2 protein chains.
Amino acid sequence: MTSPLFSRVAIVGFGLIGSSIARCVAEYPGLAKDVVCIDRSQAVCDRVVELGIAAAASTDPALVATADLVVLATPIGAFADLGAIIGPHLTPGTILTDVGSVKQSVVRDIGPHVPDGVHFVPGHPLAGTEHSGPDAGFASLFKDRWCILTPVPGTNEAAVEKLAAFWRGCGSQIERMEPGHHDRVLAITSHLPHLIAYTIVGTATDLEEHLKSEVIRFSASGFRDFTRIAASDPVMWRDIFLNNREAVLEVIQRFTEDLTALQRAIRWGEGEKLEELFTRTRAIRRSIIDARQA
Amino acid sequence: MTSPLFSRVAIVGFGLIGSSIARCVAEYPGLAKDVVCIDRSQAVCDRVVELGIAAAASTDPALVATADLVVLATPIGAFADLGAIIGPHLTPGTILTDVGSVKQSVVRDIGPHVPDGVHFVPGHPLAGTEHSGPDAGFASLFKDRWCILTPVPGTNEAAVEKLAAFWRGCGSQIERMEPGHHDRVLAITSHLPHLIAYTIVGTATDLEEHLKSEVIRFSASGFRDFTRIAASDPVMWRDIFLNNREAVLEVIQRFTEDLTALQRAIRWGEGEKLEELFTRTRAIRRSIIDARQA
């Protein structure tokens, strides 16, 4: 039997994604010998020990010194402070990565704290559910899903390839992108859809009580699909919008212009405009089915 | 064995919903002796005969004279013309219903053409998929889904109850509502979500080609859920928006105000406002799960 890719993986922030990575290491031999948990919440550490999904769990960031792969899996708003705290404890040769949904801000916030000899390779597994916390994770979360790596120019190629191998071992397909390009693509495929879902569900919560109870009762006719997305982790999503501001504001602007045009078409009874758009959007669905992403 | 509720069901417009009702009659004994198809498209009639899902299929609306239950299942924009065409052929004692997603316009468009002695009971099964046409239907489409009936005051109670029994036989739960109230509830639970989904997918189709192909590739991160909704029948949805204009414009207005407030919070970095909303929307998801609609 060949030795595993890594000796020890330290996961900082043990929520849905962090605990799913830990479960992958337990499930798929060849990834790492063991996993340790670092979380600022003692309750989370206690739960991780109870679940038996890490060899050790501590609130002490110095524990990263024992690992050769360190994965930051907290909400990205914590990254600047986290970089300052864990940077001094990282040992040369270690690969440092993250799972954040925005990549330019991560390069900005973590980059300055990475010591010489430590290889920083930002990453983003496109996977998740609307559930949070260490109990929510599962080993198959990353199976057949994309993991986007966004190393800056000059990053050690062997380190990038080793991290890619780790994610392939979790079941993912790998794509490499420039951080700014990642943020633009995700603004439209992920951040705008989540913002819209939060908005529409928020609009419903402001309705008169009797109408709200009926909206819940008859939610299966379209609304329900949005509530699942709008149940995602509040702090994680707050940080995504604050840290991908420019790209998100740009797509909101486009979206609003398009919605206003539709609103006007409805007001003036311009049926042919509506039908033309609704026919065009149907074609996009076919493309997604053809790309086997449906 | 007791005799079935109806002798013959005539379904006008044999798409997803119409052909699903026909399949229910074939599958569940007790609903009706047989089903006939009336569709203005000879190709659809031919296909219905091929599929063997109706006792007869014709483009001639006079065929409704042979039925004691007539179901209008075309896009609602055709209803005013359809009422004028089939009205004279309806025989006394017949129950006339429809499956349209807007109910005030249906009462307005069909009501004047209903002859004395014919019982008009508007209905709306809250069921559907993104697929269209006579091949897309299936008998379990209405199982455990709501069917809303919106009879106007003075409607024969026995006729309403008989139609309710028919839908219960298809697996549905019945709710009665005033037509205007139905249209307000559906504007938020169904019409706005579809409009938003059409808009966001439309926004994506206008992107530069290279970005568009990546949006399709990485669509699983949220966008994909919208494309399924935005693949719904274009003519059906055009007619819904044109015929529920007031209620839809009112909810678009509320939605746009809420989106603008979020946009401003993102621009000015007001994290606490975002987190507060995202926490509130999570509670709605729990209500839907508690109401067993998830």
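The rules behind each value
- In every chain, residue numbers begin from 1 and rise along the written sequence.
- As they are written, the chains are lettered A onward and the ligands numbered 1 onward, keeping that order.
- Given that this is a predicted model, residues contribute local features only at a pLDDT of at least 70 and side-chain atom pairs are listed and counted only at 80 or more, while totals for whole chains, interfaces and linings are drawn from all residues.
- We call two strands paired when DSSP finds no fewer than two bridges between them.
- Every helix listed is a DSSP run of H or I at least four residues long, and every strand listed is a run of E at least two residues long, numbered separately from the N terminus.
- Any pair of residues counts as being in contact when their C-beta atoms, constructed from backbone geometry, are within 7 Å of one another.
- To get an axis, a line is fitted to the C-alpha atoms, and for a helix only the part in contact is used. The angle between two axes follows their N-to-C directions and goes from 0 to 180 degrees.
- The span expected for a helix works out to 1.5 Å for each residue beyond the first.
- The exposure scheme places C-beta atoms from the backbone and then counts, for each residue, the other C-beta atoms within 10 Å of its own, assigning buried at 20 or more, exposed at 12 or fewer, and partly exposed in between.
- Here, the arc refers to the directions that run from the helix axis to the C-beta atoms.
- Each residue gets one label: Ala, Val, Leu, Ile, Met, Phe, Trp, Tyr, Cys and Pro are nonpolar, Asp, Glu, Lys and Arg are charged, and the others, such as Gly, are polar.

Asker: Tell me what's going on with the sheet that holds strand β3 (residues 56-58) of chain A, and back it up with residues and numbers.
Answerer: Residues and elements named next belong to chain A. On the basis of which strands lie adjacent, the open sheet formed by 6 strands has the order β3-β2-β1-β4-β5-β6 and parallel pairing. In this open sheet, the two edge strands, each paired with only one partner strand, are β3 and β6 (119-120). Its contacts with the sheet place helix α1 (residues 16-27) against β1 (6-12), β2 (32-38) and β4 (69-72), and it is angled at close to 160° to β1. The strands touched by helix α2 (residues 42-51) within the sheet are β2 and β3, with β3 carrying the most contacts at an inclination of about 170°.

Asker: Give me the lowdown on helix α11 (residues 271-290) of chain A, citing residues and values where you can.
Answerer: Each α-helix winds once per 3.6 residues, and so residues spaced three or four apart point in a common direction. Over its 20 residues, α11(A) extends 29 Å from the first C-alpha to the last, a length consistent with the 28 Å expected when each residue adds 1.5 Å. For α11(A), every residue scored as buried is listed here: L274(A), L277(A), F278(A), T281(A), I284(A), R285(A) and I288(A). For α11(A), the arc enclosing every buried residue in end-on projection is 105°, short of the 170-degree limit, so these residues lie on one face. Every exposed residue of α11(A) that faces more than 90 degrees away from the buried side is listed here: E272(A), A283(A), R286(A) and D290(A). Those residues of α11(A) that are buried lie in contact with α10 (245-267) of chain A together with α6 (179-205), α7 (209-217), α8 (223-229) and α9 (234-243) of chain B.

Asker: Break down the interface of chain A and chain B for me, with residues and values.
Answerer: Counting residues at the interface gives 76 residues for chain A and 76 residues for chain B. At the level of secondary structure, the elements contributing two or more residues to the side of chain A that touches chain B comprise α6 (179-205), α7 (209-217), α8 (223-229), α9 (234-243), α10 and α11 of chain A. The greatest single-element share of the side of chain A that touches chain B, amounting to 18 residues, is contributed by α6(A). Grouping the constituent residues of the side of chain A that touches chain B by class yields 42 nonpolar, 19 polar and 15 charged.

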